[in-house]
Amino acid sequence: MNADEIWAAVEAQRTRMADLLEDLTPQQWEQPSLCAGWQVRDVVAHVASTPFITFGQVFTEFVRARGNLNRTIRDSAVHIASRSSDQELLDLLRRSATSRRRAPVTKPLDPLFDALVHTQDIALPLGVRSSMPPELARVAASYIGQRDLPGYSPRKEMRGLHLVATDVEWEYGEGSKVSGPIQSLVLAMSGRPAGLADLEGAGLQSLAARLSPG
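These lines cover the structure that appears in this document, whether it is placed above or below.

Rules used throughout
Residues numbered from 1 in each chain as written. Predicted model: local features only at pLDDT ≥ 70, side-chain atom pairs only at ≥ 80, totals over all residues. Heavy atoms only, no water. Core = buried A, V, L, I, M, F, W, Y, C linked by side-chain atoms within 4.5 Å. Buried < 20%, exposed > 50% of the residue type's maximum accessible area, 1.4 Å probe, protein only. Helix = DSSP H or I, 4+ residues; strand = E, 2+ residues; numbered from the N terminus. Contact = heavy atoms within 4.5 Å. Phe/Tyr/Trp six-rings, centres within 6.5 Å; stacked < 30°, edge-to-face > 60°. Pairing = 2+ DSSP bridges. Axes fitted to C-alpha atoms, helices over the stretch in contact; angles between N-to-C directions. Left-handed = near helix turned anticlockwise from the far one by under 90°. Salt bridge = Lys/Arg side-chain N within 4 Å of Asp/Glu carboxyl O.

Quick notes on the nonpolar core
Membership of the largest hydrophobic core comes to 36 residues, with the highest contact counts inside it found for M158, L163, W170, I182, V186, M189 and L207. Where this core is concerned, the elements lending two or more residues are α1 (3-21), α7 (110-126), α8 (134-144), β1 (161-165), α10 (182-189) and α11 (204-211). When neighbours within four sequence positions are excluded, L163 is seen to be in contact with M158, W170, E171, Y172, V178, L185 and M189.

What about the packing of aromatic side chains?
For the coordinates displayed, the defined rule picks out one aromatic pair. Taking the centre distance of 6.2 Å and the plane angle of 0° together, the rings of W170 and Y172 count as stacked. Y172 carries the same exposure label as W170, and that label is buried.

Here's the deal with the sheet that holds strand β3 (residues 176-180)
Whether parallel or antiparallel, the strands of a sheet pair through hydrogen bonds between backbone atoms. Taken together, the three strands give an open sheet; going across it, the order is β2-β1-β3, and neighbouring strands pair in mixed fashion. This sheet does not close on itself; its edge strands, each paired only once, are β2 (171-172) and β3. With two bridges connecting them, β1 and β2 associate as antiparallel partners. Across the sheet, the residue bridging to L163 is Y172, located in β2. Lying on the sheet, α10 is in contact with β1, β2 and β3; it crosses β1 at an angle near 145°.

A look at the packing of helix α3 (residues 40-49) against helix α6 (residues 86-97)
Relative orientation of the contacting elements α3 and α6 amounts to 35°, with a least axis distance of 8 Å. The way α3 lies across α6 gives a crossing that is left-handed. Of the residues in α6, those in contact with R41, V44, A45, V47, A48 and S49 of α3 are D86, L89, L92, L93 and S96.

Topic: the pattern of salt bridges
Applying the stated criterion to the full structure yields eight salt bridges. The shortest N-O distance in the salt bridge between R94 and D19 comes to 2.8 Å. Placement of R94 in helix α6 and of D19 in helix α1 is noted, with a sequence separation of 75 residues between them. Residue R41 pairs with E30 through a salt bridge whose shortest N-O separation is 3.6 Å. With R41 in helix α3 and E30 in the loop between α2 (26-29) and α3, this pair connects stretches of sequence that are eleven residues apart. Among the residues examined, R41 registers a relative accessible area of 7% and is labelled buried. When its relative accessible area of 36% is taken as the criterion, E30 is described as partly exposed. Three or more residues are tied together by salt bridges with common partners; here these are D19, E22 and R94.

Just distances and angles here, no functional claims.
What follows is the structure, given as structure tokens:
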């Protein structure tokens, strides 16, 4: 994907997330997401704020988190969420959809990956259907297979597994086979056990063990 295609996809996915949020009740905004320790509103704050965060803000939060990048990201999102109403977060997300600015130190495909996966972090716990577009999910899967995430390395965690999509042409790695929809593979590769339900194969038990909180 070239830059224009990436930003068009990011705009579409952030808008899609905003549309999903329109009908949520106040209680649903407070529901836990797939991200441990994150409420729905925290996830929205994270996605919505990334185009507007400055390097100085990131550095300040990083120092407060004592150099822990995961905590930096979470604390920043929780701080924004705690001082914003549901409607303010929704408005911020809609404004972010048309921005072509990335957060400091992020790569070109990070905003697209974030929008795709974090939509599922919100939708699945709420029982809302909002599937990833398969072609975009394939791009995300290939990308995160080569990208270390904060506190988690898909390259290491998927070692010894052969991941095969059943709804698009895509495969990754060598070893025990795990197959299923590309969306489920993206979720599993990004550390979400929720992706396991629609997967199968000789390597599934090993994958499940790697994604277990224990």
